[in-house]
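Summary of the model geometry
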Amino acid sequence: MSAATIPPSPAVETPATVPLHGWGRTASTRAHLTAVDSVADAVAALRHAGSRGVIARGLGRSYGDAAQNGGGVALDFTRLNRILTLDAEGEPPTVVVEAGVSLDALMKAALPLGLWIPVLPGTRQVTVGGAIGADVHGKNHHTQGSFGDHVLSMDLLLADGEIRTLRPEGETARLFWATVGGMGLTGLVLRATIALQRVESAYFSVDTDRTRDLDDLLERMSTGDDAYTYSVAWFDAVTRGRHLGRAVLTRGNKARLDELPAKLRRDPLKFTAPAFGTIPDVFPNGLVNRATGKAFSEFWYRKAPRHRVGEIQNITQFFHPLDIVAEWNRVYGSHGFLQYQFVVPFSAEDAFRRAVVMIAESGHVSCLNVLKRFGPGNLGLLSFPMPGWTLTVDLPITDGLDRLCRQLDELVLSEGGRNYLAKDSRLTADTFARMYPRLQEFLAVRREVDPDGVFRSDLSRRLGL
Amino acid sequence: MDALGNPRSVLLLGGTSDIALAVARRYGASGAPRPRLVLAARPGERRTGVAATLRGEGFEVGEVDFEARRPETHAATVEQAFAEGDIDVAVVAFGILGDAERAWVDAEHALELAEVNFTAPVHTGVLLGQAMSRQGHGQIIALSSVAGERVRRSNFVYGSTKAGMDGFYLGLGEALAPHGVKVLVVRPGFVRSKMTEGMDPAPLSVTPEQVAEQAVAAARAGKELIWVPGAFRWVMTVLRHVPRVLFRRLPI
C-alpha cells in the first residue's frame, strides 16, 4: 500500500447547513448551526472557524440578519442555559448565568425569591447573551436604562481563545461597552453577572389613558412619565385626519403588597405564563392589509378604557401580551415583515410628528406601533437608546416599502437620530455609519480584539462592521 | 440581500450587455438602495465606457476581466468577482446570436456559438454555484431564449446552444436549492438590443428594460422560470407540440 492512498486526516465534522432567518422571516441564508454545550465547545468552534466566521445565536428574536451567518458557523447558545448562582441577600441581589439562559427562565427562577429582572424587552424569549449584544430596552428605559446598565460583569471568549472578564468600569470597560450593543461582534459572551431588583409582588398597578391624537399623547407623556417606572403607548398608525396618532397610553409601577386585592395577596409572587398554543404556518401574504389593519386598530383603541387608574395587571397583561401565542410572526405570511424602530432627540418633536404622518399617509399598514420616551443612553459604543422619542412600527413586506423606509431614514438622519440594529434588516453601510457617531471607536476595538474578523454575521457584512 | 429583497451586490457576466445593464438599473430603482456592481466583460473601451456611465448614475462599480472563450481564465474571473464581498445576484447575460446561415456551414463559427453560448455558461455556472454555496446564499439570473425551447430551422445553431444552457441552469437551480442558492431562467422572445440591431423585430418583441423589469420581479418572488413577454409561455406551449411536418412549414 503506497503512502498516497492514506486518506487525509478526517476534517472536523461540520454539520450540514440549515436556513436561518430572523424574527421578521426575511432574507434567509444557510449556515452551519453548531450547538454549544460547554465553554470547550465554543473554544473548539473558534479554533475551526473558516473564512466565513462565527456568530452566536440565541432564540432568534432579532428581526433582521444579526444572528445569521451565510456560509459560516452560527453557534446555538440556547443549551448553555444554566443559572449558576443566585444571591438574593446581596446589595444589590445578583445572579450569575450562562449566556443562553432566557429571560423567561431567569424571571421564573428569580420571582419566587422576590427578585425582578430590571430590564425586560417586549418578549421574554431572548437570551442573556442576546440581551447584552443588542443592549435591549424595555418600557422602563426612562427610569432604568437598558440591559447593559445592569450587567455587573461578563466573561467574553475572544477570537484568540482567551476568556476575559469584563466590567463596566476600570481597564476592561472599553471592551465591555463595545460588547454591550456590539451585536456579538467582539466575542462570545459565556456568562454574565446581573444585578436584580427586589419586588413585593408579580403585579403592576397600571393607569390607562386613551388619547385623542398625537399632540395629546406627546403632551401627556412629556409631563406625566416621571411618576411611573414603566410607560409605553400603542398608537393607531392607520387612521388619518383629525384622529391621526390617537393612542392608548399605559403606565404603571410595580404593585406593592398593600395595593393587591386580598385574593392575590395570598400568593403575591405567583406567576403563570398562559400559552394559547402556536400560530400555524398557514397564513397567506397580504392578510395584514388596509382593511384588517383598520379594523384591528379601531378595535384595539376602543377596547381600552378612556381613563382608568390603579388597575392591577399581571406580567403577561402588562408586559408581554404577544408571548401568549408562539410564532405570531407567521401571520405576516411567507414574505415576512420588518420592524422599523428609530429614536430622535426630544428637540426633534416636529420631525417625529412628520414621521407619524408619513407612515399613516404611506398606505403601508402597521398594527403594532409603539411609542416611548427614552431616558439617558449608556456608554455602549453601538447601543441604541439615547434621550428622545422612539417609535416602532411593524410593516408587512409589500411593494413600495423601500421608499417609505428611505424617507424615514432621511428624516431620522437629519435630526441626528438612529435605528435599532436588533430590528434592522435593510440599512446600508453608509446610512448606518451616519447614525452611529461612535462607530469608529467600535471598529478600533474590533480591530484590536478580532483583527482577522472571526466574528461575522450577515448583518456585519451588510453594514461593514 | 436585504429584508425587502434588494441585492446589495450584483455581478454582471457580460457586463456590457443591454439586458445586464437594464437589470442592474432596475434593481436600483423605486427607492431601493443601488447595488454595488461588478462588471465582468472583455477589457476595453466598451467596458470602461459602461462603467463610467454607471458611476455617473451613482453606482459603485468594479470591473473584472472576462473572456467567454478562454475557459482557463473563468475561475480567476469568478474569484475576483467575489473578492470584494458577497455577490447577492449574478446575471449570466453574455452570448452571441451569430450568423444563422453561416453557422451551420462554417465549423469555426458553429464552435464559437457553442463555446460562448453553451460551454462558457456551463463552466462559469458551476463556478458561480460553488462560490454562492460557500457564502450560503445567492441568486443566478440566466438569460436563455425562447429560441431554445423548440429549436427551429431558421437559427438552429443558436437555438441549440440556448436549449443546452437553458437545461443546464434549470438543473443547476434544482441542485443548488439545498445550498441556499436560487436560479432563475429567463426566456425572452425577440429583444430589440445591440444583439439584434438591423433585424426586423419579430412579433411579441420586447425591450431590454421590459426583460429586466420582468426578470427582477420574478427574481424577487423567487421564481425559477419566466418568459418575456409572459404570453410566450403559451405560444411556446403550443409550438412545442406542433408535429415536425407542420412545424417546418411555419413561417418562423
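Residues numbered from 1 in each chain as written. Chains lettered and ligands numbered in written order. Predicted model: local features only at pLDDT ≥ 70, side-chain atom pairs only at ≥ 80, totals over all residues. Heavy atoms only, no water.

Looking up chain B in an unreviewed UniProt entry gives the name Decaprenylphospho-beta-D-erythro-pentofuranosid-2-ulose 2-reductase, with the organism given as Auraticoccus cholistanensis. As its UniProt record puts it under Sequence similarities (unreviewed entry), chain B is described as follows: "Belongs to the short-chain dehydrogenases/reductases (SDR) family." (UniProt positions renumbered as here; feature names shortened; annotations may be inferred.)

**Structural notes on the overall build of chain A**
In terms of helices and strands, chain A carries 14 helices and 19 strands. Over its C-alpha trace chain A gives a radius of gyration of 22 Å, about what one expects of a compact globule, namely 23 Å for 465 residues. With respect to the three principal axes, the spread of C-alpha positions in chain A is 85 × 55 × 45 Å. Every one of the 465 residues in chain A was classed for burial, and the buried ones make up 57%. Nonlocal contacts in chain A, meaning residues at least 24 apart in sequence, comprise 74% of its contacts between residues at least 6 apart. Looking at charge distribution, chain A has the averaged site of its 52 positive side-chain charges lying 5 Å from that of its 51 negative ones. (Helix = DSSP H or I, 4+ residues; strand = E, 2+ residues; numbered from the N terminus. Rg over C-alpha atoms; globule rule 2.2 N^0.38 Å. Buried < 20%, exposed > 50% of the residue type's maximum accessible area, 1.4 Å probe, protein only. Contact = heavy atoms within 4.5 Å. Lys, Arg positive; Asp, Glu negative; His and termini not counted. Charge placed at Lys NZ, Arg CZ, Asp CG, Glu CD.)

**Concerning helix H13 (residues 439–449) of chain A**
Each α-helix winds once per 3.6 residues, and so residues spaced three or four apart point in a common direction. Residues and elements named next belong to chain A. Every buried residue of H13 is listed here: Leu 439, Phe 442, Leu 443, Val 445, Arg 446 and Val 449. Angularly, the buried residues of H13 cover 160 degrees about the axis, an arc narrow enough to put them on a single face. Within H13, the exposed residues directed more than 90 degrees away from the buried face are Gln 440, Arg 447 and Glu 448. Of the surrounding secondary structure, the elements contacted by the buried residues of H13 are helix H5 (173–179) and helix H12 (429–435). (Arc of directions from axis to C-beta.)

**Focus on the nonpolar core**
One finds Trp 116, Val 128, Phe 147, Leu 371 and Leu 465 of chain A to be the most contacted residues of the largest nonpolar core, which totals 126 residues. No other element matches helix H11 (residues 401–414) of chain A, which puts 7 residues into this core. In this structure, Val 10, Ala 93, Leu 143 and Val 211 of chain B belong to the second largest nonpolar core, which totals 33 residues. (Core = buried A, V, L, I, M, F, W, Y, C linked by side-chain atoms within 4.5 Å.)

**Focus: the sheet that holds strand E2 (residues 29–35) of chain A**
Residue and element names in this part refer to chain A. In spatial order, the strands read E1-E2-E4-E3; together these 4 strands make up an open sheet with mixed pairing. The outermost strands of the open sheet, each flanked by one partner alone, are strand E1 (17–20) and strand E3 (54–57). Each adjacent strand pair in this sheet contributes to an overall mean axis angle of 45 degrees, direction not counted. Pairing of E1 with E2 involves 4 bridges; the strand directions are antiparallel. For Thr 17, the partnering residue across the bridge sits in E2 and is His 32. (Pairing = 2+ DSSP bridges. Axes fitted to C-alpha atoms, helices over the stretch in contact; angles between N-to-C directions.)

**A few points about the side chain of Gln 339 of chain A**
All names here are of chain A. If you trace the backbone, Gln 339 turns up in strand E16 (residues 337–344). Relative accessible area serves as the criterion here: at 9%, Gln 339 is assigned to the buried category. In terms of polar contacts, Gln 339 uses its side chain to reach the side chain of Asp 394, at 2.2 Å. Reaching out from Gln 339, the side chain makes a polar contact with the side chain of Lys 423 at a distance of 2.8 Å. Beyond its immediate chain neighbours, meaning those up to four positions away, Gln 339 contacts Tyr 63, Thr 392, Val 393, Asp 394 and Lys 423. (Polar contact = N/O pair within 3.5 Å; in protein donor to acceptor, adjacent residues only side chain to side chain.)

**Details of the interface of chain A and chain B**
The interface of chain A with chain B comprises 20 residues on the first partner and 19 residues on the second. Carbon and sulfur atoms supply 53% of the area buried between chain A and chain B, which totals about 1500 Å² over both sides. Notably, a salt bridge pairs Asp 86 of chain B with Arg 461 of chain A, separated by 3.7 Å at the nearest N-O pair. Between chain A and chain B we count 10 residue pairs in polar contact (both at pLDDT 80 or more) in total. Of all elements in the fold, only E2, H11 and helix H14 (458–463) of chain A reach the threshold of two or more residues within the side of chain A that touches chain B. In terms of residues, the side of chain A that touches chain B owes the most to one element, H11 of chain A, which gives 4 residues. For the side of chain A that touches chain B, the class distribution of residues is 5 nonpolar, 7 polar and 8 charged. (Buried area = accessible area lost by both parts, 1.4 Å probe. Salt bridge = Lys/Arg side-chain N within 4 Å of Asp/Glu carboxyl O. Nonpolar A, V, L, I, M, F, W, Y, C, P; charged D, E, K, R; others polar.)

**What to know about the pattern of salt bridges**
All names here are of chain A. According to the stated counting rule, one finds 46 salt bridges over all chains in the structure shown. Of the charged contacts, one joins Arg 353 and Asp 215 as a salt bridge, the two residues approaching to 1.8 Å between their closest N and O atoms. Linking Arg 353 in helix H10 (residues 349–362) with Asp 215 in helix H6 (residues 214–224), this pair joins segments that are 138 residues apart in sequence. Residue Arg 353 is classed as partly exposed on the basis of its relative accessible area, which comes to 22%.

**Points about the packing of H6 of chain A against H10 of chain A**
In a pair of packed helices, the angle between the axes and the distance between the axes together describe the arrangement. Residue and element names in this part refer to chain A. One way to put it is that H6 packs onto H10 with a least axis distance of 11 Å and a crossing angle of 140 degrees. The angle between H6 and H10 falls in the class oblique. Where H6 crosses over H10, the handedness of that crossing is right-handed. Contacts between H6 and H10 involve Leu 214, Asp 215 and Leu 218 from the first element and Glu 349, Phe 352, Arg 353 and Val 356 from the second. Per-class residue counts for the contact of H6 with H10 are 4 nonpolar, no polar and 3 charged. (Parallel < 35°, antiparallel > 145°, perpendicular 65-115°, else oblique. Left-handed = near helix turned anticlockwise from the far one by under 90°.)

**Focus: the sheet that holds strand E9 (residues 163–166) of chain A**
Residues and elements named next belong to chain A. Spatially, 5 strands are ordered E5-E6-E10-E8-E9 in an open sheet, and the strand pairing comes out antiparallel. Both outer strands of the open sheet, strand E5 (83–87) and E9, are each paired with one neighbouring strand and no more. Strand-to-strand twist of the sheet, defined as the mean angle between neighbouring strand axes without regard to direction, takes the value 10 degrees. Direction of pairing for strand E6 (residues 94–98) relative to strand E10 (residues 188–195): antiparallel, over a ladder of 5 bridges. Of the residues in E10, the one forming a bridge with Val 97 is Ala 192. Strand contacts of helix H1 (residues 39–47): strand E8 (151–157), E9 and E10, with the helix running at about 140 degrees to E10, the strand carrying the most contacts.

**Focus: the environment of Leu 225 of chain B**
Residue and element names in this part refer to chain B. Mapping Leu 225 onto the fold places it in strand E7 (residues 225–228). Placed 10 residues apart in sequence, Leu 225 and Ala 215 show a C-alpha to C-alpha distance of 9.3 Å. Those residues in contact with Leu 225 that sit more than four places away from it in its chain are Leu 170, Leu 184, Val 185 and Arg 187.

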